[in-house]
Amino acid sequence: MAGIGLRKPFFAVYQNVGSVVTYSNGGLLGKAVEFSASIEDGSDNNFHADDGVAESDRTFAGGTISLTTDDLSDEVSKIILGVTMKELTVGEKTVSELIFDDTAVTPYLGIGIIVPKMNRQIISYRAIVFPKVMFSVPDDAATTKGESIEWQTKTIEGTILRSDAVGHPWKRETTIADEETAIAYIKQLLNITDDTSAEKGLLS
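Residues numbered from 1 in each chain as written. Predicted model: local features only at pLDDT ≥ 70, side-chain atom pairs only at ≥ 80, totals over all residues. Heavy atoms only, no water.

Asker: Is there a simple way to explain the packing of aromatic side chains in this structure?
Answerer: Any pair of aromatic rings gets described here by the distance separating the centres and the angle formed by the planes. Summed over all chains, the structure comprises 3 aromatic pairs. Ring centres of Tyr-14 and Tyr-23 lie 5.8 Å apart, and the angle between their planes is 75 degrees; on these two criteria the pair is classed as edge-to-face. Residue classification places Tyr-14 among the buried positions, given a relative accessible area of 6%. Take Tyr-23: its relative accessible area is 10%, and that puts it in the buried class. Ring centres 6.2 Å apart and planes at 75 degrees place the aromatic pair Tyr-14 and Tyr-108 in the edge-to-face group. (Phe/Tyr/Trp six-rings, centres within 6.5 Å; stacked < 30°, edge-to-face > 60°. Buried < 20%, exposed > 50% of the residue type's maximum accessible area, 1.4 Å probe, protein only.)

In structure tokens:
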């Protein structure tokens, strides 16, 4: 099946007590533009017997994830980067500012995304969930407006880790015939239950 698009980048805050993993405060990162995940495995660890390789192990050794969205709202940035948001009076107006300082505690997150696919003119939806990810603060960059608009997006990069759940899963996925069920799959895994604030990027 060939991928034909990218949709719905979900997130939720990861917590664990021993092997019991829960998620909260989830929502949409924004609108998906580009996504990639690079998985690392360990170096060849071969067991030799009878003058040959009898067994080999290539255990998951980590990975990186890169996700580009149309934008990251202040509300979403506060949650996924663990920074402080406070109100500040500027003249006669009140503004909200994000403060990146020593008090910031970057949380672990669960990340989900949907990749539509086509095979013989039949569309299906691959729903992918990374149970435990930590993002880095994204770079700042912008380009002046010229004769035509150069669309400027936001890219966040992070580390894929093993979950603390039983078996230490680092990726879960399913391919489903309809998008509604694919979305429901991600929401169920990340404990996202309310759509009322989706337009603000938050689904508590």
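Asker: What exactly am I supposed to notice about the pairing of strand 12 (residues 154-160) here?
Answerer: Every regular strand shows the same layout, with side chains that alternate between the two sheet faces. Pairing of strand 7 (residues 60-69) with strand 12, which is carried by 7 bridges, proceeds in the antiparallel orientation. If you follow Thr-64 over to strand 12, its bridge partner there is Thr-159. (Pairing = 2+ DSSP bridges. Helix = DSSP H or I, 4+ residues; strand = E, 2+ residues; numbered from the N terminus.)

Asker: What should I look at first to understand the environment of Ser-66 in this one?
Answerer: With respect to the helices and strands, the residue Ser-66 is situated in strand 7. The exposure class of Ser-66 is buried, given its relative accessible area of 18%. Beyond its immediate chain neighbours, meaning those up to four positions away, Ser-66 contacts Glu-34, Phe-35, Ser-36, Thr-155, Ile-156 and Glu-157. (Contact = heavy atoms within 4.5 Å.)

Asker: Whenever I open this one, the confidence of the model for the protein confuses me. Can you help?
Answerer: Residues shown with low pLDDT carry predicted positions that ought not to be read at fine detail. In the predicted model, the protein carries a mean pLDDT of 84, and the fraction of residues at 70 or more is 78%. Ranking the helices and strands of the protein by mean pLDDT puts helix 2 (residues 179-190) first, with 96, and strand 6 (residues 52-57) last, with 54. Residue range residues 196-204 is modelled with pLDDT below 50. Its contacts to residues more than four positions away, or to other chains, number 27 contacts. (pLDDT = per-residue confidence, 0-100.)

Asker: I would appreciate a short explanation of helix 1 (residues 74-81) in the present structure.
Answerer: Because each turn of an α-helix spans 3.6 residues, side chains separated by three or four positions end up pointing in the same direction. When we look at burial in helix 1, the residues that qualify are Val-76, Ser-77, Ile-79, Ile-80 and Leu-81. Close packing links the buried residues of helix 1 with strand 2 (7-17), strand 3 (20-28), strand 9 (93-99), strand 10 (109-119) and strand 12. Directly beyond the C-terminal end of helix 1, a positive phi value near 70 degrees is found at Gly-82.

Asker: Where do I start with the pairing of strand 9 in this structure?
Answerer: The pairing of strand 8 (residues 84-90) with strand 9 spans 7 bridges and is antiparallel. Across the sheet, the residue bridging to Thr-89 is Thr-94, located in strand 9. What sits between the antiparallel neighbours strand 8 and strand 9 is a turn of 2 residues, in which Gly-91 has the positive phi angle 65 degrees.

Asker: Is there a simple way to explain a nonpolar patch on the surface in this structure?
Answerer: A cluster of nonpolar side chains, contributed by Leu-88, Val-90 and Val-95, occupies part of the molecular surface with about 210 Å² of accessible area. Along the chain, the position of Val-90 falls in strand 8. The partly exposed category is assigned to Val-90, whose relative accessible area is 46%. (Patch = residues over 30% accessible without salt bridge, like charges linked within 9 Å, V, L, I, M, F, W, Y side chains within 5 Å. Areas by Shrake-Rupley, 256 points an atom, 1.4 Å probe, with all protein chains shown as cover. Salt bridge = Lys/Arg side-chain N within 4 Å of Asp/Glu carboxyl O.)

Asker: I tried to follow a negative patch on the surface on my own but got confused; where do I start?
Answerer: A surface patch of negative charge is lined by Asp-70, Asp-71, Asp-74 and Glu-75. Within the secondary structure, Glu-75 is located in helix 1. A relative accessible area of 37% means that Glu-75 is categorised as partly exposed. (Lys, Arg positive; Asp, Glu negative; His and termini not counted. Charge placed at Lys NZ, Arg CZ, Asp CG, Glu CD.)

Asker: Would you take a moment to explain helix 2 for this structure?
Answerer: An ideal rise of 1.5 Å per residue puts 16 Å on 12 residues; helix 2 measures up with 17 Å between its terminal C-alpha atoms. Along helix 2, the residues classified as buried are Glu-179, Ala-182, Ile-183, Tyr-185, Ile-186, Lys-187, Leu-189 and Leu-190. Where helix 2 is buried, its residues meet strand 2, strand 3, strand 10, strand 11 (122-135) and strand 13 (172-176). Following helix 2 by one or two positions, Asn-191 adopts a phi angle in the positive range, close to 60 degrees. (Expected span 1.5 Å × (residues − 1).)

Asker: Explain unusual backbone geometry to me, please; I cannot follow it from the model alone.
Answerer: When glycine is set aside, most residues are seen to have a negative phi, and most peptide bonds are trans. Even without being a glycine, Gln-121 presents a positive backbone phi close to 70 degrees. Secondary-structure assignment places Gln-121 in the loop between strand 10 and strand 11. Residue Gln-121 is classed as exposed on the basis of its relative accessible area of 68%. Although it is not a glycine, Asn-191 adopts a positive phi angle of roughly 60 degrees. Structurally, the position occupied by Asn-191 is in the segment after helix 2.

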